[in-house]
Every structure is written in structure tokens, then in C-alpha cells.
Amino acid sequence: MSAEFGGRTGRQGKLSQWLRGRRPKKTAGDGGREALLLAAADAGLPLAPAAHPAPGYRCSCDRVGCPTPARHPVSFAWQTQSTTDRAQIERWARHQPQANFITATGMVHDVLDVPLEAGREALERLLAAGVEVGPVAESDDGRLLFFTLTRGTPEDEDEWWPCELDCHPETMDEHPGLRWHCRGSYVLVPPARLPGDDRTVRWVRGPEHALPDPLSLLEALTDACARHAGDEAGQTGTAWPLRH
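Note that residues are indexed from 1 along each chain, following the sequence as it is written. Owing to the predicted nature of the model, reporting of local features is limited to residues with pLDDT of at least 70; listing and counting of side-chain atom pairs is limited to 80 or more, with chain, interface and lining totals taken over all residues. Excluded from the side-chain calculations are hydrogens and water; all other atoms, namely the structure's heavy atoms, are used.

Asker: Even after reading the chapter, I still don't get the packing of aromatic side chains, so can you show me in this structure?
Answerer: Ring pairs (aromatic) are described by centroid distance and by the angle formed between their planes. Between rings of Phe, Tyr and Trp, where Trp is taken as its six-membered ring, a pair exists when centres lie within 6.5 Å; planes separated by under 30 degrees are stacked, by over 60 edge-to-face, and by other angles tilted. One pass over the structure, following the stated rule, counts three aromatic pairs. Measuring from ring centre to ring centre gives 4.9 Å for Trp-78 and Tyr-186, while their planes differ by 80°; the resulting arrangement is edge-to-face. Pair noted here: Trp-78 is in helix α3 (residues 78–81) and Tyr-186 is in strand β9 (residues 186–188), with a separation of 108 residues, a long-range link. Here the two residues Trp-78 and Tyr-186 agree in accessibility, since each one is buried. Summarising the aromatic geometry, the rings of Phe-147 and Trp-203 are spaced 5.1 Å apart at their centres and angled 55° between planes, so their arrangement reads as tilted. Here Trp-203 lies in strand β11 (residues 199–205) and Phe-147 lies in strand β7 (residues 143–149), a separation of 56 residues in the sequence. Phe-147 sits in the buried class, given a relative accessible area of 0%. Put simply, DSSP marks the helices as runs of H or I at least four residues long and the strands as runs of E at least two long, and each gets a number from the N terminus on. Three labels apply to residues, based on accessible area from a 1.4 Å probe with only protein chains included: buried if under 20% of the type maximum, exposed if over 50%, partly exposed otherwise in between.

Right under this line is the structure:
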């Protein structure tokens, strides 16, 4: 009996070792989170610390009625604070282990932010057409984020439009279709946590993909958003061909 028991124990020991070997070595809360943040910084996305979820669907900022819980920077100086410096990001990540991070748009990159179903449809069409698509993040609040090159800095300042003309981080609910995050805006960068059970922002296509020209994606995204809006209104959408 002793030998049989020993054999079973040996098998259990091997099974336990196999299970331990299959567990992820890192999670989004430790070095895995830090590695993803550094990869985003290495791709040129300037980062700054953001709020994180608190118990009861609240925000860590403790602002009563926070309009964007766990989705906003912790500092009013986030635009000047945003950086790609690895040492600074490592310090923030280690000293603020629960913090989300935002990336400031309009410096190096913009973000085309669309409803999830419209974004998935557009992504499938773009990839099928051989269009170069850059990093894409999915948010469990029902959005897909397409990271692109910024529109640049025109010589004529009148050619600029600030993000407020399209959307502002605290008034996004007024813009349910496509939101173009450019100068003066930001988005959460993966990995990030949202209020609620296991709600996150995560990469669908990581920051290792080169940033594309936003105009190369814009038609497919606007077409998909128009069909999405039509479907929600009970209308029949028309599948328009993607033009090159």
C-alpha cells in the first residue's frame, strides 16, 4: 500500500508541476504589466499615470460622480508629464502598482475610436484588403481603438483642429460614432482595468505594429460606423466596397 500511495503521490507531484508550468509566469499586475507599458513607450507612445477602479464601481480619484472613472490622468499636467522615458515609466509602474496609464494623443500618434462591432467589421475588411493596420486595442466599454500617426503640425495653425471639435475625454458619450483623438486628448493604454468585474482594455494588435496614416483607415471606419448607426436605428445597412 505504501508503494501504491507513493506512486500516486508521484503522479500527483508530476501533475502539480505540469499545472504550475502552464500558469502564466507574469500577470498584468506585475512584470507583465510593466513589459507591456514599456513596449508601448518603445513604440513612441507617451505615457502618464491614470486613475484606477475602486470598490463599488468608483474611481480612485474619489471625485463624487467622476464622469470617467478609472479613465483619466491623475495629474492636471498630464500633457507635459507624458513621456516615453523607460526609467520614469518603470518608477511609476512600480510605485503605483494599481494605476492605469493614459497615452497623450496629438504628439506622436492619434487614435480613431469607434464602436466595437463597427471596429471589428472595419478591421476585418482592412486586413482582407491588405491595408496596413497599426496597433489596435479593445475596451470592454464597447470601443475599438485604432492607433495611427498623428496628423502632424501644419505650417498654418488654422489647419489644426483641437480634439474638442470632435470629442473631449469627458464628453465622449455625446459622440457615439467615430471619435478622433488628436491634440489635447488621451486614451487608456493597455493593460488597463475598468470599473466592474474583469473589465479591461487590452491589445488586439500590439504596439510592435507600425503606426499607419489615419487617412488610410478613415473610409473603412466611417463606413462601418454609418452602417452600425443605421442598424441600431432599425435601418438596413449597405455594404459599400472599400476603395483604395
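On we go.
Asker: Explain the sheet that holds strand β4 (residues 100–104) to me, please; I cannot follow it from the model alone.
Answerer: Pairing within the open sheet is antiparallel, and its three strands lie in the order β1-β4-β9. Of all the strands in the sheet, just β1 (47–50) and β9 have a single pairing partner and so form its edges. Taking the axes of each pair of neighbouring strands and ignoring which way they run, one obtains an average angle of 35° across the sheet. Here the rule is simple: two strands pair whenever DSSP picks up at least two bridges between them. As paired strands, β4 and β9 are joined by three bridges and run antiparallel to one another. The residue bridging Thr-103 from the neighbouring strand is Val-187, located in β9. Sheet strands touched by helix α4 (residues 86–95): β1 and β4. Its angle to β1, the strand with the most contacts, is close to 15°. With axes taken as lines fitted to C-alpha atoms, and helix axes fitted only over the stretch in contact, angles between N-to-C directions fall between 0 and 180 degrees. It only takes one pair of heavy atoms within 4.5 Å for two residues to be counted as in contact.

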